[in-house]
Amino acid sequence: MADTHTVTFLLLDVAVVIAAARAGGFVARKLGQPAVVGEIAAGIALGPSLLGLFPGNPDEWLFPTEVRPLLLAIAQLGLVLFMFIVGLELDMRLIKGRERAAASISLSSIILPFALGAALALILYDQHDDKSLAPNVSLANLTLFLGIAMSITAFPVLARILNDRGMMRTVPGVFSLAAAAVDDIVAWTLLAFVTAIIGGENVGDVGKIVGLSLLYCAVMFLVVRPLLARLVEWRDTAGRMTPDILAVVLIGLFLSAAATEWIGIHLIIGAFVFGAVMPKVGAEQLHREILERLEQASVLLLLPMFFVVTGLAVDLSGIGLDGLWQLVLVLLVAIAGKFLGAFAGARASAIPGRQSAAIAVLMNTRGLTELVILSVGLSLDVLTPQLYAMLVVMALVTTVLTAPLLRLAYPDSVVANDIAEAERLALAAGSANRAMVVLTDLDASVDELLHRHRRLFGAAAGYDVVLAGVLSVTAPAKRLEVGVPIMPDFAAMASAVEKLNMLGSALPGPDSVSVLCRFSADPVVDLTEMAENANIDFIFLDSSRSEIADGLQIAPVVTVDERAPGPDIAASGDRGAASIVCVAPETRAGRTAILVAAGLALNESAPLTIVTGASRRRMLADLEPAIDQGLEISVIDRKRSYDRVAALIVVADEETDGTVKVVDHVGTSEEGLGDRVSRYFERVVAERVDSAAPRPILGQPVHTHTTAHETPERH
């Protein structure tokens, strides 16, 4: 049993480490760096590199020898949780649609750094072959390990930087994230293989480790993965993350880590694989709740212990003047190898130069993931303390350089322009009037959405349609620090875009369907930006989101009440309402309502009755282009009665009752009704001519995700 002295210092050390980590993270964020940079620096400062420079070796007093194994044990728990989160965030849906480019960037950014790392080992081996300091060091082992160390990309830090810069909807953001996901799989697989080689005493041992590793993977993917899939249903049935669900996850996690530690490929591999086999599809809320539960323990306690254990093993003064050239060489190989490899892979995928440079900068970040790799090397006795210190400095420097270099390669102004251009390019070309159909309930299935919004889709059937998905974001107070808390959002985005594409394929009316999707904390702001980029003529949404309609001024808004009595709105080619009635006051919204009603009547092949106080003769003259298209129109005075049961009612926002309500708060000067009708039906005629050669639905939607300046990013 531990004595009082040991327990006292353990508790004291925990308090000091937590305080130092929080302070370091705070300073790093103030300097525009990821918090992990400051936390790592704080851990190093508590070791011989800074605290140990003071008289009396206070680092040895503060962290006595008998306490250090306890700190190491706590640190190992932190590593297990961190690597589980890395695996949990690995979602191959991020790669879908860009597999070749992701593979090209990832493999190029692994092969070249690995080769340069191996060459570096040839140069440095003679300076670091002291077996009294690193018993397992050999040229082969050092070559393999430095190759892995130079090849790694910190997926969590990269995702955080993309989030903070608002780059999720840019080419560099999309492709670097996809490439980093591939990078994760390749790098951790290589590490497991290298660990097996170094850990095996002979060829037989290596073969045994490899065989057991393959058996372990088969069990995890063929047996454990299907069992874990039931967690989603369990969580949905309970309506929340229960202690029992979390207990199952943690039990499985630690058993998996224990299995790989016993096999001989290190516990971090087991933690990573367990996270990777966790359910992904439909599990976004489960992921977020797991991260919320692990936040406190990981960020406040366990990971800081890992940082201080790392710092205690780093003595920067031990590098010395003679070691400076080696440190410079390590930095050059690490930075140049990763940058040139990723840049070449991006250019080979026909990505423009500036965007390729941004991808290369992003792939160069290493952060905590690199420290995990280095801790494995230290535990395998492959690295001398001096070389370990150099590599830790490399991990810090490459991470610190990422943000400023990214701002040089890819300034904020270019980010904004690229986002707008990407959304414009994602839209199908067409000569018809363009309508944005806004959906905020993408948690439902495609069939449910088609049934739930049958009137909404029917109302937009005569237009070129842009399906705009708007996903809600986590409240700022719930923003997490552990791993990458926004990864469940990335997975939700991938799922939403896939669902929107399926929905677009299922819509029977429009000739042309495009897809845009965003996370948004302020739908009015984001929809305004999307509508401006897409050159939208009308915005259609469900009447239950009328608060959005009231705030939009970029284009007229058409709200559709799915629950109102009366006929449905049929898709093109089907018969829906027996007639259309438009109640139109002499206002801007009233005139826009006439335009919308005329389009509906033409698409429904139904007669249109306009109820208005305006001149009947003038109204029919203004509507002559619609009449020329075969539309049957009658104009009656507001005092006369009209069919309120069989007819589909279209009203302006000043009116109260109607299945379709038109809100027009556009701030520009208004054209006359006749000019608007002429322009509208000129496009209808052009679209009918073009429809002889139907346009396909776009297969490459823009994946849009907002960040610190936008959303889930608007904090």
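Keep in mind it's a predicted model, so treat the numbers as computed, not measured.

1. Some points on the overall build of the chain
Reasoning step 1: When its secondary structure is counted, the chain shows 27 helices and 11 strands.
Reasoning step 2: As displayed, the chain offers around 28100 Å² of accessible surface, 61% of which is attributable to carbon and sulfur atoms.

2. Observations concerning the confidence of the model for the chain
Reasoning step 1: Of all residues in the chain, 88% attain a pLDDT of 70 or more, and the chain-wide mean is 83.
Reasoning step 2: Scored below 50 in pLDDT, residues 475-486 makes 42 contacts in the model with residues more than four places away or belonging to other chains.
Reasoning step 3: Note that pLDDT drops below 50 for residues 692-715; the model gives that stretch 95 contacts with residues more than four away or on any other chain.

3. Remarks on the packing of helix α5 (residues 99-124) against helix α6 (residues 139-151)
Reasoning step 1: Between α5 and α6, the least distance of the axes is 7 Å, while the angle of their chain directions is 140 degrees. Here α5 is positioned oblique relative to α6, judged by the angle of their axes. Considering how the two elements wind past one another, α5 and α6 form a crossing that is right-handed. Here Ser-109, Ile-110, Pro-113, Phe-114, Gly-117, Ala-118, Leu-120, Ala-121 and Leu-122 of α5 lie close against α6, whose contacting residues are Leu-139, Leu-142, Thr-143, Leu-144, Leu-146, Gly-147, Ile-148, Met-150 and Ser-151.

4. Describing a nonpolar patch on the surface
Reasoning step 1: Taken together, Leu-215, Val-219, Phe-221, Leu-222, Val-223 and Leu-227 make up a surface patch of nonpolar side chains, about 570 Å² in accessible area.
Reasoning step 2: Take Leu-222: it is sitting in helix α9 (residues 203-228).
Reasoning step 3: By relative accessible area, Leu-222 is classed as exposed at 66%.

5. Examining helix α7 (residues 155-165)
Reasoning step 1: Most of α7 is tucked away: 10 of the 11 residues are buried.
Reasoning step 2: For α7, every residue scored as buried is listed here: Phe-155, Pro-156, Val-157, Leu-158, Ala-159, Arg-160, Ile-161, Leu-162, Asn-163 and Arg-165.

6. Regarding unusual backbone geometry
Reasoning step 1: For Asn-57, which is not glycine, the phi dihedral falls at a positive 50 degrees.
Reasoning step 2: By the element assignment, Asn-57 lies in the loop between α2 (35-45) and α3 (58-62).
Reasoning step 3: Not every positive phi belongs to a glycine, and Ala-350 is a case in point at roughly 65 degrees.
Reasoning step 4: For Ala-350, the location among the structural elements is in the loop between α14 (324-348) and α15 (353-362).
Reasoning step 5: Judged by relative accessible area, which is 66%, Ala-350 ranks as exposed.

7. Let's talk about helix α16 (residues 367-379)
Reasoning step 1: With 13 residues, α16 extends 19 Å from end C-alpha to end C-alpha; this agrees with the ideal 18 Å at 1.5 Å per step.
Reasoning step 2: For α16, the tally of buried residues reaches 11 of 13 residues, placing the bulk of the element in the interior.
Reasoning step 3: Here α16 has its buried residues at Gly-367, Leu-368, Thr-369, Glu-370, Leu-371, Val-372, Ile-373, Leu-374, Ser-375, Val-376 and Gly-377.

8. Some words on the pattern of salt bridges
Reasoning step 1: Under the criterion given, the structure shown has 13 salt bridges.
Reasoning step 2: For the salt bridge of Glu-292 with Arg-293, the shortest nitrogen-to-oxygen distance reads 4.0 Å.
Reasoning step 3: A salt bridge links Asp-441 to Arg-452; the shortest N-O distance between them is 2.7 Å. In this pair, Asp-441 is assigned in the loop between β1 (434-439) and α19 (446-452) and Arg-452 in helix α19, connecting sequence segments 11 residues apart.

Basis of the calculations
- Residues numbered from 1 in each chain as written.
- Predicted model: local features only at pLDDT ≥ 70, side-chain atom pairs only at ≥ 80, totals over all residues.
- Heavy atoms only, no water.
- Helix = DSSP H or I, 4+ residues; strand = E, 2+ residues; numbered from the N terminus.
- Areas by Shrake-Rupley, 256 points an atom, 1.4 Å probe, with all protein chains shown as cover.
- pLDDT = per-residue confidence, 0-100.
- Contact = heavy atoms within 4.5 Å.
- Axes fitted to C-alpha atoms, helices over the stretch in contact; angles between N-to-C directions.
- Parallel < 35°, antiparallel > 145°, perpendicular 65-115°, else oblique.
- Left-handed = near helix turned anticlockwise from the far one by under 90°.
- Patch = residues over 30% accessible without salt bridge, like charges linked within 9 Å, V, L, I, M, F, W, Y side chains within 5 Å.
- Salt bridge = Lys/Arg side-chain N within 4 Å of Asp/Glu carboxyl O.
- Buried < 20%, exposed > 50% of the residue type's maximum accessible area, 1.4 Å probe, protein only.
- Expected span 1.5 Å × (residues − 1).

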